[in-house]
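# Chain and residue survey
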Amino acid sequence: MRFLLIVLASLSFVACSTNRNKAEKVDTKLENAAPVGSGNIGIKDGDMVYQRKVQMNEQLRTLENEVYDLEARVFGGPRYLDNRGMYGVLRDCRIQMGETENNGDGKMRWTEARTYVTSEEDFSKIGVENKKDIVGVTEEGLRDRIDRFKGYKDTLIKRQDEYETKVKMCELELKQQKAKNKVEGN
């Protein structure tokens, strides 16, 4: 029994110490600090170091904005004030390829479904704060959120490359179809 209590206590300590979102104290004090670019050089614990310190709220805001802008460029659509995005450009090109005046068969070419990468976040709690304000709250570990948005960004960069290639291929095929129509028409 005593052994089991020791094991459980050890496991709970390990679980707490490995929590990626646990706030830890960070010592940013440098001796003889001098600014360099976006950071500082100085001496810390006897070592010469370069230190870059950022406000995490700004880092997260920048990452989120990059992701949402990238998703708007790639997918567009109703989520992004109905801009076309590369998805819309590809869809329009495939519609033009099917048009008979462009030597098409009158049928629309297949276009995959518009599938957004980011999730539409919902509130995990809705209630009253300070006995007066009705609020919605969602909580997520900071590192978890940063990792999630980095994953979104990686996926969207790949999708952007895919759509750029698909759009170029479609535009070339459409150009060939139009040229063939001119040759056959003359």
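The structure reproduced in this document is the subject of the present report.

Basis of the calculations
- Residues numbered from 1 in each chain as written.
- Predicted model: local features only at pLDDT ≥ 70, side-chain atom pairs only at ≥ 80, totals over all residues.
- Heavy atoms only, no water.
- Salt bridge = Lys/Arg side-chain N within 4 Å of Asp/Glu carboxyl O.
- Buried < 20%, exposed > 50% of the residue type's maximum accessible area, 1.4 Å probe, protein only.
- Patch = residues over 30% accessible without salt bridge, like charges linked within 9 Å, V, L, I, M, F, W, Y side chains within 5 Å.
- Areas by Shrake-Rupley, 256 points an atom, 1.4 Å probe, with all protein chains shown as cover.
- Lys, Arg positive; Asp, Glu negative; His and termini not counted.
- Charge placed at Lys NZ, Arg CZ, Asp CG, Glu CD.
- Helix = DSSP H or I, 4+ residues; strand = E, 2+ residues; numbered from the N terminus.
- Phe/Tyr/Trp six-rings, centres within 6.5 Å; stacked < 30°, edge-to-face > 60°.
- Lys NZ or Arg CZ within 6 Å of the ring centre and 35° of its normal.

Our next topic: the pattern of salt bridges. On inspection of all chains with the given rule, the structure shows 16 salt bridges. Between E140 and R145 there is a salt bridge, with the nearest N and O atoms lying 3.0 Å from each other. A relative accessible area of 33% places E140 in the partly exposed class. With its nearest N and O atoms 3.8 Å apart, the salt bridge here joins K168 to E171.

For the rest of this paragraph, the subject is a negative patch on the surface. Residues D27, E31, D45 and D47 make up a contiguous surface patch of negative charge. Of note, D27 is situated in the loop between helix 1 (2–17) and strand 1 (31–36). According to the relative accessible area criterion, D27 is partly exposed, its value standing at 46%.

Moving on: the packing of aromatic side chains. The tally for this structure, following the rule as stated, stands at 6 aromatic pairs. Ring geometry for F75 and Y116: centres 6.0 Å apart, planes at 70 degrees, overall edge-to-face. Taken together, the positions of F75 in helix 2 (residues 56–75) and Y116 in the loop between helix 3 (85–98) and strand 4 (125–129) put the pair 41 residues apart, joining distant regions of the chain. The rings of F75, Y80, Y87, Y116 and Y163 are connected pair by pair, giving a single aromatic cluster. Lying across the ring of Y163, K166 places its NZ or CZ 5.6 Å from the centre.

All quantities given are derived from atomic positions and should not be read as evidence of function.
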